[in-house]
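Now for the letters of each chain:
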Amino acid sequence: MAMASQMITANRLSDGMVVYFTAGKGWSETFAQGAVWNDKESAETALNESKESVKARIVVEPYLFDVAVTDAGPKPTSARERIRADHNPSVAPDQGSWTGRIPD
Amino acid sequence: MYRYDEFDATIVRERVEQFRGQVARRLAGELTEDQFRPLRLKNGLYLQLHAYMLRIAIPYGVLSSRQVRKLAYIARRYDRGFGHFTTRQNIQFHWPQLPEVPDILQHLADVEMHAIQTSGNCIRNVTADQFAGVAADEVEDPRIWAEIVRQWSTFHPEFSYLPRKFKIAVTGAQDDRAAIRTHDIGLRLVKNDAGETGFEVWVGGGLGRTPILAVRCRAFLPKQHLLSYLEAILRTYNLLGRRDNIYKARIKILVQATGGEKFAQMVEEEWEKIKDGPLHLPQAEVDRIHRYFAPPAYETLPDIDPAFETAKLEHPEFARWARVNLVKHQVPGYAIVNIALKSEGGVPGDASADQMDLLAEVADAFSLGEVRITHHQNVVLPYVRKRDLFALWQRLKPAKLATSNLGFISDIIACPGLDYCNLANARSIPVAQRLSRHFGDPRKLDEIGELRLNISGCINACGHHHVGHIGILGVDKQGQEFYQVTVGGSSKEDASLGKIVGAAFSEDDIVPAIDTIINTYLANRTDRSERFLDYVRRAGVDPFKEALYGSAPARRTAAE
């Protein structure tokens, strides 16, 4: 039986990239490395801790979102967070016009 | 085209440097996000789902080939190789990085472009009929007046902090291609009984959470009074519009609460005080702007070009494209060419950097170096000789720019939706892609006939779903994407708002539901001359309800 829990996400200040707050109070681009909180109190405490990174100009607007804890690990429960966790639109590049950023 | 004078150029360059300083201060920690947000938004920079998004103004949809090439360069150098043309004749880049945005704006300033008036509670980038200056049915070229409105509205000190954003659209023809009744102010150039040209002024339209069609505020406004009359409307709104509730702050709510006639009377009272003041337009200034939009040196050509006629006979696919995508030009021997950014399975409104370069190339080769962007998220070449059409089509086809579906069900308006947008509740693009494949067969398109299908990923209605003949609205139900369907909307001169057919459909059910709607229409229309919209207006929503839900909608799998 999946249990409703929460994780913390934000966008990185420099490039807007989606990041997740980790157990080590850092940020990771990888969803699986984000920490999971199973009760409201610890989630709120962590959210306050994550806001230090706003002052440090690392991220913008951190917030809590719901995940379902499954045998395969936490999964976002909303379509919005599933898409954010992929770091890309759900539109496959070969179907759209995305050709990728061309470096200098 | 209008060319910047020294004031325009200075304003835009200074703006870039101001924003460069603001970004530096943000990155250095001297500005908080709360302080920086309104500053970045005033420069068109949003923070979206995966990244920042930069929205760039294309005033009244007109671009030079030089500007298009610059957009292609920015797409390659600073983004991910593409841009997205929007329903407000803007272009958005979806992956810029904050420290580089001032450089992007600098590049834009080099080609007389910017991101001013693309966000915030100001008068936004003015939009217009994409066929301005070339349409056969035009009373007068609306670009002159759109440019005058642009100059008046940019950084207008009184209207920089309105209760809410404010959109103005201008058309010069009875056939409304600028959707004027869905705008805060819609302007239509008309002739009065004395044969003089002036404006019919519509006010209080808008889509979003509370869709309302504009009401006519004045039947005829002499042209020299345009700015004073607009100022009277804006001032009345600025003073009386609600600032306590963001959902009730648009002028449409004020006009509805006040009553159209009473509102018009208040505008007239204000206008009487200012109509002969400094905003009275001197003819010399109108003439000066007019010269920028003087018709090009057209060749004298026969209206029927033998080579064009022969090519149509020899190449049926070209003949279809010519039938569907060309519009009658003012000048014999010329055509207005529509290039649909709606390839089968493609993303509506997206153009890759390579496609943009090709558009610039064909604009130079065949259209006097000019393109237009439409609110239907397509591109227009306004000055193509009929004898060049086949060569043009051959250049467009390999680049997936020769789709022959203008005005058909696969010519879909779609917002970026939940694939990109922070406000969205559901994805728009994958639904558009699936529908464009489902209705990909040109014979099917011809059988269905004219049909506008618009998709919005949320209630803010950037995809204009309320005024689609078929509208699809993405909604969120416990974190899952569902799609509500409306029928019977129109953004044209016969504007109407669509009616909801019933409970929303799941992601899996939405394409079959649209198919059912189309089949219902095809089975019940009187004949081919009864368009989908005509049928809905005659038969109402009940035949669709019956076909979609049967007699007991509650038992259907569709969510409530």
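All of the points below concern the structure found in this document. As the structure is a prediction and not an experimental result, all values here were calculated from the model. (Residues numbered from 1 in each chain as written. Chains lettered and ligands numbered in written order. Predicted model: local features only at pLDDT ≥ 70, side-chain atom pairs only at ≥ 80, totals over all residues. Heavy atoms only, no water.)

## Considering the sheet that holds strand 2 (residues 52-56) of chain B
Residues and elements named next belong to chain B.
Next up, step 1: If you trace the five strands from one edge of the open sheet to the other, you get 1-2-5-4-13, paired in antiparallel fashion. Because the sheet does not close on itself, it has two edges, and the strands there are strand 1 (45-47) and strand 13 (350-352). The sheet shows a mean angle of 30° between the axes of neighbouring strands, direction not considered.
Next up, step 2: Note that strand 2 and strand 5 (residues 91-93) share three bridges and pair antiparallel. Residue pairing in the sheet places Ile56 in a bridge with Ile91 of strand 5.
Next up, step 3: Sitting on the sheet, helix 3 (residues 65-78) is in contact with strand 2, strand 4 (82-85) and strand 5, with an inclination near 20° to strand 5.
Next up, step 4: Contacts from helix 12 (residues 353-366) reach strand 4, strand 5 and strand 13, with the element oriented near 85° to strand 13. (Pairing = 2+ DSSP bridges. Helix = DSSP H or I, 4+ residues; strand = E, 2+ residues; numbered from the N terminus. Axes fitted to C-alpha atoms, helices over the stretch in contact; angles between N-to-C directions. Contact = heavy atoms within 4.5 Å.)

## Section: the nonpolar core
All names here are of chain B.
Next up, step 1: Counting 111 residues, the largest nonpolar core has Ile185 and Trp321 as its most contacted members.
Next up, step 2: Excluding anything up to four places from it in sequence, Ile185 contacts Phe166, Lys167, Ile168, Ala169, Val201, Trp202, Val203, Leu230, Ile233 and Leu234.
Next up, step 3: Core analysis: the second largest hydrophobic core is formed by 39 residues, Val487, Phe505, Phe532 and Val541 among them. (Core = buried A, V, L, I, M, F, W, Y, C linked by side-chain atoms within 4.5 Å. Buried < 20%, exposed > 50% of the residue type's maximum accessible area, 1.4 Å probe, protein only.)

## Things to note about the packing of aromatic side chains
Residues and elements named next belong to chain B.
Next up, step 1: On inspection of all chains with the given rule, the structure shows 26 aromatic pairs over all chains.
Next up, step 2: Aromatic side chains Tyr73 and Tyr78 sit 6.4 Å apart centroid to centroid with 80° between the ring planes, which places their arrangement in the edge-to-face category.
Next up, step 3: By relative accessible area, which is 36% here, Tyr73 ends up partly exposed.
Next up, step 4: The exposure class of Tyr78 is buried, given its relative accessible area of 5%.
Next up, step 5: When the centroid spacing of 5.3 Å and the interplanar angle of 85° are considered together, the rings of Tyr229 and Trp271 count as edge-to-face. With Tyr229 in helix 6 (residues 226-240) and Trp271 in helix 8 (residues 260-274), the pair connects residues that are 42 residues apart, well separated along the chain. Across the pair, Trp271 and Tyr229 agree in class, each one buried. (Phe/Tyr/Trp six-rings, centres within 6.5 Å; stacked < 30°, edge-to-face > 60°.)

## Regarding the interface of chain A and chain B
Next up, step 1: Facing the 32 residues of chain A at the interface are 42 residues of chain B.
Next up, step 2: Surface buried jointly by chain A and chain B totals about 3000 Å² across both partners, of which 50% is contributed by carbon and sulfur atoms.
Next up, step 3: Taken together, the connections running from chain A to chain B amount to one salt bridge.
Next up, step 4: Linking A:Glu61 and B:Arg37 is a salt bridge whose minimum nitrogen-to-oxygen distance equals 2.6 Å.
Next up, step 5: Between chain A and chain B we count 13 residue pairs in polar contact (both at pLDDT 80 or more) in total.
Next up, step 6: Put simply, the parts of the chain that give the side of chain A that touches chain B at least two residues each are strand 1 (3-12), strand 4 (59-70) and helix 3 (79-85) of chain A.
Next up, step 7: Examining the composition of the side of chain A that touches chain B, we find that five residues originate from one element, helix 3 of chain A, more than from any other.
Next up, step 8: Its residues assigned to classes, the side of chain A that touches chain B comprises ten nonpolar, 13 polar and nine charged. (Buried area = accessible area lost by both parts, 1.4 Å probe. Salt bridge = Lys/Arg side-chain N within 4 Å of Asp/Glu carboxyl O. Polar contact = N/O pair within 3.5 Å; in protein donor to acceptor, adjacent residues only side chain to side chain. Nonpolar A, V, L, I, M, F, W, Y, C, P; charged D, E, K, R; others polar.)

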